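So you can see what is in the structure, the chains are spelled out below.
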Amino acid sequence: MPPSLAVGAVTPPASVGAAVASPLGTASTGAHQTPAPTPLRTPEPAAGLRTITLGDDESTVVVAVGERVLVELGVGLVWNVRVADQTVLVRVPGVALILGAQGLYTAAKPGSTLVAGVGDAACRTAVPPCMVPSRAFSVTVVVR
C-alpha cells in the first residue's frame, strides 16, 4: 500500500509577517523617516515680461518703464523685425532667445514706438524663389 500523504495548512506564528508602524522608521535600526519629496512647481511667467505675438498685430500694447518686451512671432516664417525708436525700446544684448522669438527689449523711457516686421517663407531665398507672399506685422508699443 502506498504511503499516504497528509495535506494540511500550517498557520504561522503571529509575529511572522506582522508590520508595526513607527513614526521614526524601522524600530530596530532607529533610522529616520525619509521626508516626502517636494512636488515640482511649474514656474510662473516672469514678472515684468510682456510677450508680443502675431495675435497682437495692428494693436497697441502698453508697458511700464523697465518692463521687458519679448517679440515672439513664431517659426513659420523668417522674420525681419525693426523698432522705429530704439531709445524707447532698447534691445537686450547677449541674450539667447527661445525658438520662435525675434528679440528681447527693455522699455527704457516713456514714449511710443512702432515694432514692425516682415515675414518671408524660407523658400523665398531659393533659386528660383517661391512665390509665397510676405506677411507684414506691426504693433505700437506705448511705454508709461
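Residues numbered from 1 in each chain as written. Predicted model: local features only at pLDDT ≥ 70, side-chain atom pairs only at ≥ 80, totals over all residues. Heavy atoms only, no water.

A. View of the state of the cysteines. For the structure shown, the criterion picks out 1 disulfide. For Cys123, the disulfide goes to Cys130, at an S-S distance of 1.9 Å. On the sign convention where negative is left-handed, the bridge of Cys123 and Cys130, at about 70 degrees about the S-S bond, is right-handed. (Disulfide = S-S within 2.5 Å.)

B. Layout of the pairing of strand β3 (residues 68-71). Here 4 bridges tie strand β1 (residues 49-52) to β3, and the two strands are oriented parallel to one another. Each bridged residue has a counterpart across the sheet, and for Thr51 the counterpart in β3 is Leu70. Here β3 pairs with strand β6 (residues 103-107) via 4 bridges, running antiparallel. Looking at the pairing, Leu70 lines up with Leu104 of β6. (Pairing = 2+ DSSP bridges. Helix = DSSP H or I, 4+ residues; strand = E, 2+ residues; numbered from the N terminus.)

C. Fine view of the environment of Met131. Residue placement: Met131 occurs in the loop between β7 (111-120) and β8 (135-143). Sequence spacing of Met131 and Ala121 is 10 residues, and the spatial spacing of their C-alpha atoms is 9.1 Å.

D. Highlighting the pairing of β7. Relative to β7, strand β4 (residues 78-83) runs antiparallel, the two being bridged by 6 bridges. Bridge assignment links Val78 to a residue of β7, and that residue is Asp120. In the sheet, β7 pairs with β8 via 9 bridges, with the strands oriented antiparallel. Bridged to Val118 within β8 is Ala136.

E. Inspection of the sheet that holds strand β2 (residues 59-63) at higher detail. Strand order in the open sheet formed by 4 strands is β2-β8-β7-β4, and the pairing between neighbours is mixed. Here the strands that pair on one side only, and so sit at the sheet edges, are β2 and β4. Recorded for the sheet is a direction-independent mean angle of 25 degrees between the axes of neighbouring strands. (Axes fitted to C-alpha atoms, helices over the stretch in contact; angles between N-to-C directions.)

F. Structural detail: the sheet that holds strand β5 (residues 89-91). On the basis of which strands lie adjacent, the open sheet formed by 4 strands has the order β1-β3-β6-β5 and mixed pairing. Only two strands of the sheet have a single neighbouring strand rather than two, namely β1 and β5. For this sheet, the mean angle separating the axes of adjacent strands, direction not counted, is 30 degrees. Judged from the 3 bridges that link them, β5 and β6 form a sheet pairing that is antiparallel. Residue pairing for β6: Arg91 is matched across the bridge by Tyr105.

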